[in-house]
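Structural overview
Given next are the chains, with one letter for each unit.
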Amino acid sequence: MEPSITRSIHIAADPLTVWSLLSDLPRMGRFSPENVGGHWVDGDGPAVGARFRGTNRNGRKQWHTRVKIIHCRPGQKFTFDVRSPFGVRVSRWEYVVTATATGCELTENWYRVGSVFVRRFLGPKVTGRADRPGFNTFSIEYTLAAIKAEAELQWARRKTSAA
């Protein structure tokens, strides 16, 4: 399956620092223009098969999602499927972290899945977003920039305290 949208950014921080930020789903809202967080339904952190209940907001509209972790390789890859509260699969999100000589590259992929009914009717009604791919392009770029800023800040602090 090919992603519907993919974007990448170079981050001057180690892969584990970046991965720990993007896999902390309860706190993901600090990096997202739509997600406001959530909680682990089972377990207390990312692991294959773990479930998460996410909360999203667009103005006055708020909705919840059911998330299941599909891939979980610290410092490398984090993938989860998103379903509506009714169990209908709506998307897959994937983060790939690749080490480079000066830090890492973070790639965020969004896979649009689900029925035409969800895409054209249910999704826009629940979220208030008629152009989901257009918004998600903005959202991915926003999220990558926010993760980059936080990861580089943490990395700089660690290097300063180690010196």
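Everything discussed here concerns the structure shown above.
Structure report, in brief. Quick caveat, the model's predicted, so the values are computed rather than measured.

Digging into the packing of aromatic side chains
In total, this model carries 8 aromatic pairs according to the counting rule given. Between Trp40 and Phe52, the aromatic rings sit 5.1 Å apart at their centres with planes inclined by 70 degrees, giving edge-to-face as the arrangement. Taken together, the residues Trp40 in strand β2 (residues 35-40) and Phe52 in strand β3 (residues 51-58) connect sequence positions 12 residues apart. Comparing Trp40 with Phe52 shows no difference in burial state: the two are buried. Through a chain of ring-to-ring contacts, three or more aromatic side chains come together here, namely Trp19, Phe78, Phe80 and Tyr95. Its guanidinium or amino end placed over the ring of Phe135, Arg129 lies 3.5 Å from that ring's centre, counting from NZ or CZ.

A closer look at helix α1 (residues 15-22)
Within α1, 6 of the 8 residues are buried, leaving the element largely enclosed by the surrounding structure. For α1, every residue scored as buried is listed here: Pro15, Thr17, Val18, Trp19, Leu21 and Leu22. Of the surrounding secondary structure, the elements contacted by the buried residues of α1 are β1 (5-11), β4 (61-73), β5 (77-83), β6 (89-100), β7 (103-112) and α3 (132-162).

Things to note about the sheet that holds β1
Judged by pairing direction, the sheet is antiparallel, and its 7 strands sit side by side in the order β1-β7-β6-β5-β4-β3-β2 without closing on themselves. Of all the strands in the sheet, just β1 and β2 have a single pairing partner and so form its edges. The sheet shows a mean angle of 25 degrees between the axes of neighbouring strands, direction not considered. The pairing of β6 with β7 spans 10 bridges and is classified as antiparallel. Pairing of Val96 across the sheet is with Thr107, part of β7. In this fold helix α2 (residues 116-127) packs onto β3, β4, β6 and β7, with an angle of close to 115 degrees to the strand it touches most, β4. Each of β1, β4, β6 and β7 touches α3; the most contacted strand, β1, lies at about 15 degrees to it.

A look at the side chain of Asn136
Following the sequence through the fold, Asn136 ends up in helix α3. Note on Asn136: relative accessible area 2%, which makes it buried. Contact partners of Asn136, with chain neighbours within four places excluded, come to Ile5, Trp93 and Trp110.

A short note on the pattern of salt bridges
For the structure on display, the rule yields 9 salt bridges. Here Glu34 makes a salt bridge to Arg132, at a shortest N to O gap of 2.9 Å. With Glu34 in the loop between α1 and β2 and Arg132 in helix α3, this residue pair connects regions lying 98 residues apart in the sequence. Grouping residues by exposure puts Glu34 and Arg132 together as buried.

Basis of the calculations
- Residues numbered from 1 in each chain as written.
- Predicted model: local features only at pLDDT ≥ 70, side-chain atom pairs only at ≥ 80, totals over all residues.
- Heavy atoms only, no water.
- Phe/Tyr/Trp six-rings, centres within 6.5 Å; stacked < 30°, edge-to-face > 60°.
- Helix = DSSP H or I, 4+ residues; strand = E, 2+ residues; numbered from the N terminus.
- Buried < 20%, exposed > 50% of the residue type's maximum accessible area, 1.4 Å probe, protein only.
- Lys NZ or Arg CZ within 6 Å of the ring centre and 35° of its normal.
- Contact = heavy atoms within 4.5 Å.
- Pairing = 2+ DSSP bridges.
- Axes fitted to C-alpha atoms, helices over the stretch in contact; angles between N-to-C directions.
- Salt bridge = Lys/Arg side-chain N within 4 Å of Asp/Glu carboxyl O.

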